[in-house]
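What follows is each chain in one-letter form.
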Amino acid sequence: MRLVLSAAAIGGFWLLGEGLARVLGLLPGSLWGMVLLFLALRLGLPEGWVAPAAGLLLRWMALFFVPVGVGVLAYGPVLIAHAGAVAAAVGLGTLLTLAAAGLVGRG
Amino acid sequence: MGWTLLTLAAYLTARAVYRRWPRPWTNPVALAVAVLLVAVGRTDALADYQAGTRVLVWLLKPAVVALGYALHREVRTVARHAGRFLAGVGLGSATSLVATPLLARALGAPEALQRALAFKSVTSGIAVDLAPLHGADPALTVPLVILTGILGAALGVPVLRALGVRRPFFLGAALGTASHGIGTARAAEEGPEALAAGGLAMAVSGLITGLLAPLLLPPIGLG
């Protein structure tokens, strides 16, 4: 029962997020939902209202994007043709990102 | 239903392999996708597979909403370093968003790849929703995200140490920013503070990338 209620609460924040995305644009509705849920919890919404469903969704999140990853099948030829550029861009890009993100934490 | 069950089976098997040998390159999503690519096999079966697994992908959206709960739970750990944390995550996110597509363009990659690479450091759950707003196909973005996660997790700690970053908190924040969940899993080896910083950096960098993309992509011709 607590799972059902907390799932409904998450669904509610998602719907609000989708509404905000319609009005403001900028971010996808799910991300607006994340921001709204975070703010509501900061402002005192009891964790227990969302915890059971949120925990379950977070635990299984990786499974949910596996099918999206399989979609790479359609891009096999493009990726093979540009394998060198992709490898270099991801490799160098990741090193630069690490350096930029880490710079403030030196010492 | 058949494709969903097969996806679940592939994922559970891959996760068991990862738990036995936890390495960046045994990442469960990468392993499961590799197995399923063989199972789906041809491009003409792809539409059928995607129609059959629509429910799984749909669940990604409430899961992203649930990240707000994870953020709330971990926000206390950054309170002491909030300014530096946000500066690092912001700089890292902006660098990834702009430098990666420019590098790819300089090396002759087509625009579809440049757009997908702009979101390479964003956690897959958020990238799937964010990429299409900026003309990138999630199917191309997600594999690049996973590759980025594996590379960052493998190289991150030695590179950051060489740059003079030693405190677990900042190691975790940089790993989460550059390499999302896979980097955060590596950060966990540096202790609980690094794990919390990584998890938080992953969600915050997804959000910051979403906010920066409309500002930074048009000037480099990807608006």
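Residues numbered from 1 in each chain as written. Chains lettered and ligands numbered in written order. Predicted model: local features only at pLDDT ≥ 70, side-chain atom pairs only at ≥ 80, totals over all residues.

### Some details on the overall build of chain A
Moving on, step 1. Counting its regular elements, chain A contains seven helices and zero strands.
Moving on, step 2. Reading the secondary structure of chain A in the N-to-C direction produces α-α-α-α-α-α-α.
Moving on, step 3. Taking 107 residues into account, the globule formula puts the C-alpha radius of gyration at 13 Å, and chain A, at 19 Å, lies well above it.
Moving on, step 4. Buried residues in chain A amount to 46% of all 107 residues.
Moving on, step 5. A fraction of 43% describes how many contacts in chain A between residues 6 or more apart in sequence connect residues 24 or more apart. (Helix = DSSP H or I, 4+ residues; strand = E, 2+ residues; numbered from the N terminus. Rg over C-alpha atoms; globule rule 2.2 N^0.38 Å. Buried ≥ 20, exposed ≤ 12 C-beta atoms within 10 Å, placed from the backbone. Contact = placed C-beta atoms within 7 Å.)

### Side note on the packing of helix α1 (residues 2-24) of chain A against helix α3 (residues 51-59) of chain A
Residue and element names in this part refer to chain A.
Moving on, step 1. Two elements in contact, α1 and α3, have axes separated by 6 Å at closest approach and are oriented at 75°. Our classification of the angle between α1 and α3 gives roughly perpendicular. Contact residues: R2, L3, S6, A7 and I10 in α1; A51, P52, A53 and A54 in α3.
Moving on, step 2. Partitioning the contact of α1 with α3 into residue classes produces seven nonpolar, one polar and one charged. (Axes fitted to C-alpha atoms, helices over the stretch in contact; angles between N-to-C directions. Parallel < 35°, antiparallel > 145°, perpendicular 65-115°, else oblique. Nonpolar A, V, L, I, M, F, W, Y, C, P; charged D, E, K, R; others polar.)

### A closer look at the packing of helix α1 (residues 2-20) of chain B against helix α2 (residues 28-40) of chain B
All names here are of chain B.
Moving on, step 1. One can describe the packing of α1 onto α2 by two numbers: an axis separation of 8 Å at closest approach and a directional angle of 140°. Of the possible angle classes, the one that applies to α1 and α2 is oblique. Here the hand of the crossing between α1 and α2 comes out right-handed. Of α2, the residues touching α1 (which contributes L6, T7, A10, Y11, A14, R15, V17 and Y18) are P28, L31, A32, V35, L36 and A39. (Left-handed = near helix turned anticlockwise from the far one by under 90°.)

### Some points on the interface of chain B and chain A
Moving on, step 1. With 86 residues of chain B at the contact, the number on the chain A side is 62 residues.
Moving on, step 2. Here the side of chain B that touches chain A is built from residues that sort into 59 nonpolar, 22 polar and five charged.

### A closer look at the environment of B:N27
Residue and element names in this part refer to chain B.
Moving on, step 1. As for its placement among the helices and strands, N27 is situated in the loop between α1 and α2.
Moving on, step 2. C-alpha of N27 to C-alpha of V17: the two residues are 10 residues apart in sequence and 8.8 Å apart in space.
Moving on, step 3. With near-sequence residues (within four places) excluded, N27 lies in contact with Y18, I146, G149, I150 and I182.

### Concerning the domain arrangement of chain A
Moving on, step 1. Per the domain assignment, the segments of chain A are domain 1 (1-64) and domain 2 (66-107).
Moving on, step 2. Each of domain 1 of chain A and domain 2 of chain A has a C-alpha centre, and these two points are 29 Å apart. (Domains from an automatic or database assignment.)

### Digging into the domain arrangement of chain B
All names here are of chain B.
Moving on, step 1. With domains assigned, chain B is organised as domain 1 (1-58) and domain 2 (63-220).
Moving on, step 2. Using only C-alpha atoms to locate each centre, domain 1 and domain 2 end up separated by 23 Å.
Moving on, step 3. With five residues of domain 1 at the interface, the matching set in domain 2 holds seven residues.
Moving on, step 4. Across the side of domain 1 that touches domain 2, the residue classes tally to four nonpolar, one polar and no charged.

### Overview of the confidence of the model for chain A
Moving on, step 1. Overall, the predicted model of chain A reaches an average pLDDT of 93, with 100% of residues at or above 70.
Moving on, step 2. Averaged pLDDT values over the elements of chain A bottom out at 88 in helix α4 (residues 61-64) of chain A and peak at 96 in helix α7 (residues 83-102) of chain A. (pLDDT = per-residue confidence, 0-100.)

### Structural notes on helix α11 (residues 192-216) of chain B
Residues lying three or four places apart along an α-helix face the same way, a consequence of the helix completing one turn every 3.6 residues.
All names here are of chain B.
Moving on, step 1. An ideal rise of 1.5 Å per residue puts 36 Å on 25 residues; α11 measures up with 34 Å between its terminal C-alpha atoms.
Moving on, step 2. The largest bend in α11 amounts to roughly 30° and is located at G210, with the proline P214 lying one to four residues further along.
Moving on, step 3. With 18 of its 25 residues buried, α11 lies for the most part within the structure. (Expected span 1.5 Å × (residues − 1). Bend = angle between axes of the 7 residues up to and from the residue.)

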